[in-house]
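Coordinate analysis (summary)
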Amino acid sequence: MTRSKRTTLALATAVAALLPALPLAGPAHAAGTSYHVDNRPGSNCSDSGPATPQQPWCTFTPVNARTFTAGDRILLARGAAWAQGMTLKGSGTATARIELSAYGSGDRPRILKGTSAYGISLSNPSHWAVKNLEVDGRGSPKMTYGVVVGYDETGGIGHENLTFSDLYVHYNHMGIRIGGKAAPAADQWAVKGVRMTGIRGEHNGVSIAFGDGRGPKNFIQDTVLTGLALSNDDGAPAPLTEECPNSLTLQSMTRVTVMDSLVSHAGGCTVSTGTTGIYLGHVADVDLTNNIVAYTRQSGSPDQSGINYEGWTDDVAVRGNLLVGNVRWGVALQGIHAEGPNRNVTVESNTIVENGQPPIASLGDEAPPDGVIRDNLWEGDSLTTTVDGGSFANVAVSGNAGPATGDRVWYAARDFASGQGVLDWRYQYSPDGGTTWTNLSYQAVDDSWRPANGALPLLKKWQWHPTGGTGQVARVWTAPRDGTVAIRGRAAKADPGGDGVRVRIRLGDRDVLAPRTVGGGDRVGVATSVDSLIVEAGDTLRFVVDAGPAGENAYDTTSWTPVVGYL
């Protein structure tokens, strides 16, 4: 197969051309003030008023004119909408960040396409939180960015602490973009400490993008992305650049965790350089743990993979993920950039099934990858394949279970449901160390399973939290037929802290995976693999989490999405 090189420099050039010219800072003001904005009829708004709930500002014009300082809050009225871009300036402190959020009741505030190329723009920010908002970029043309953060020139060095949560970004060229032209030295960074949680992206060209192909790996450091839901990135409506290459772009980054997230139906338009769900280039020390990357679409593009190691990567690990239904490979290891090999690749404990071509591909002969491929559950005619001279000569392949058979595998996060027994899963707890078990109750308010009269133990789509003492919480899988199964998964701390948890797997009344400890700060976690286990119809596999020998359950939220497949 002849394949076009997906050049990160070309993508970076296109992105740089789209970056807005950010206005100069305006006048400063008193710190720790809340500014309310509400343009709805009856709000008594005035742009020259005090920005109180009783007389809020009407538009973003006074917001754009100010430089905010530590402790300030810009609050947009729920149920209101503005067709205007917002430009935010200033920085908070480690103890008093600046916040852009919502107030009142009802739907998220909406920022719509106006004359600006972006919905929200931040220039060289530190210590900001942006949350509880919707950015809808539909227009002619649509918005270039829903949210854009730029770190530029000498002022773009040494920034810290950005948090984005509960945002819905859709119909933009890029939903959220963090990058810039700053040039940090080897011991510097542009921004350190980025957190995103609960971000929903749909129908963008790219929902979330970090860095570019020219930025050094130390540009963005210490990033944690959890609870993302990125889907149907197809560039609709008529895209600005006619490109929708992937849903999540990770570039110019060091120390990244992506956990408990969904990326589906990416790459919905033709891109000559290729499409994928998650794109990795110019990054180091990255962990993609317990995510679903699914259904990268048929668009006539190269690649069409789940996860793409483009090049210039060091120590990037893909662990505990479900890679399913992608047009071609679950994981693509590119060897097409002679100067940018993929070093110390780890593809471990994943479930890679129902893709159009073999699960893992090595493509191109200019820079063969090195690393390990181990303990994955796979389906197909073979686990690996080579394309255009690709090679696995420097990759250790071991302990992989497969091929999986039958019409499905059971991946706990994908199968999570509001009813006991749905898709062969039940949700239970034991107050007495596993002697007796009781069904948990489904709580629609937070889409969780809990006791009818208590907050803990807790089971959610991705996460578990045990009670203290001898209490245990479990997902229980019931075998629908006789056969031999393999078990895979990765248990890791979702909330670092405390003294850790224990996980185990029991078949009936015996351990098939003895208790394993996940340390208090362990986001990498432990494998929960059983290579071959004979089951009969009606047998139960109980996947158990407890608070550990000391019974202390502070900070015990744990990410674990066990998987069972027949061999």
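Bear in mind the structure is a predicted one, so any value in this text is a computation, not a measurement. Each chain carries its own residue numbering, running from 1 in the written order of its sequence. In keeping with the model being predicted, local features are shown solely for residues with a pLDDT of at least 70 and side-chain atom pairs are shown and tallied solely at 80 or more, while totals for entire chains, interfaces and linings include all residues. In computing side-chain values, all of the structure's heavy atoms are included and hydrogens and water are not.

A pair of strands is considered paired only if DSSP assigns at least 2 bridges between the two. Runs of H or I in DSSP of at least four residues are treated as helices and runs of E of at least two as strands, each being numbered from the N terminus. Spatial ordering of the open sheet is given by S33-S32-S38-S45-S41-S42, a layout of six strands whose pairing is antiparallel. For this open sheet the edge positions go to strand S33 (438-439) and strand S42 (510-518), each flanked by a neighbour on one side alone. In this sheet, S42 lies alongside strand S41 (residues 501-507) in antiparallel orientation, the contact comprising six bridges. Looking across to S42, one finds that Arg 502 is bridged to Thr 517.

Note: most residues except glycine have negative phi, and most peptide bonds are trans. Here the residue pair Ser 140 and Pro 141 is connected by a cis peptide bond, since its omega of 0° sits within 30 degrees of zero. Along the chain, the position of Pro 141 falls in the loop between strand S8 (128-136) and strand S9 (145-150). Residues Leu 456 and Pro 457 are joined by a peptide bond in cis, for which omega reads 0°. With respect to the helices, strands and loops of the structure, Pro 457 is situated in the loop between strand S35 (448-450) and strand S36 (458-459). Its identity is not glycine, yet Asn 161 carries a phi of approximately 70°, on the positive side. Its identity is not glycine, yet Asp 303 carries a phi of approximately 70°, on the positive side. Owing to a relative accessible area of 0%, Asp 303 belongs among the buried residues under this scheme. Burial classes: relative accessible area under 20% of the type maximum marks a residue as buried, over 50% as exposed, and values in between as partly exposed (1.4 Å probe, protein chains only).

Before going further, it helps to examine the environment of Ala 190. Counting through the fold element by element, Ala 190 comes out in the loop between strand S11 (174-179) and strand S12 (191-202). Look at Ala 190 and you get buried, because its relative accessible area is 0%. By definition in these notes, contact holds between two residues if any of their heavy atoms fall within 4.5 Å. In contact with Ala 190, other than residues within four places in its own chain, are Tyr 151, Gly 156, Ile 157, Gly 158, His 159, Pro 184, Asn 218 and Phe 219.

With that out of the way, let us pick up the sheet that holds strand S47 (residues 563-566). The four strands lie next to each other as S31-S47-S39-S44, forming an open sheet whose pairing is antiparallel. Unpaired on one side and paired on the other, strand S31 (410-411) and strand S44 (530-535) mark the two borders of the sheet. In terms of strand pairing, strand S39 (residues 483-488) meets S47 through four bridges, oriented antiparallel. Bridged to Val 485 within S47 is Tyr 566.

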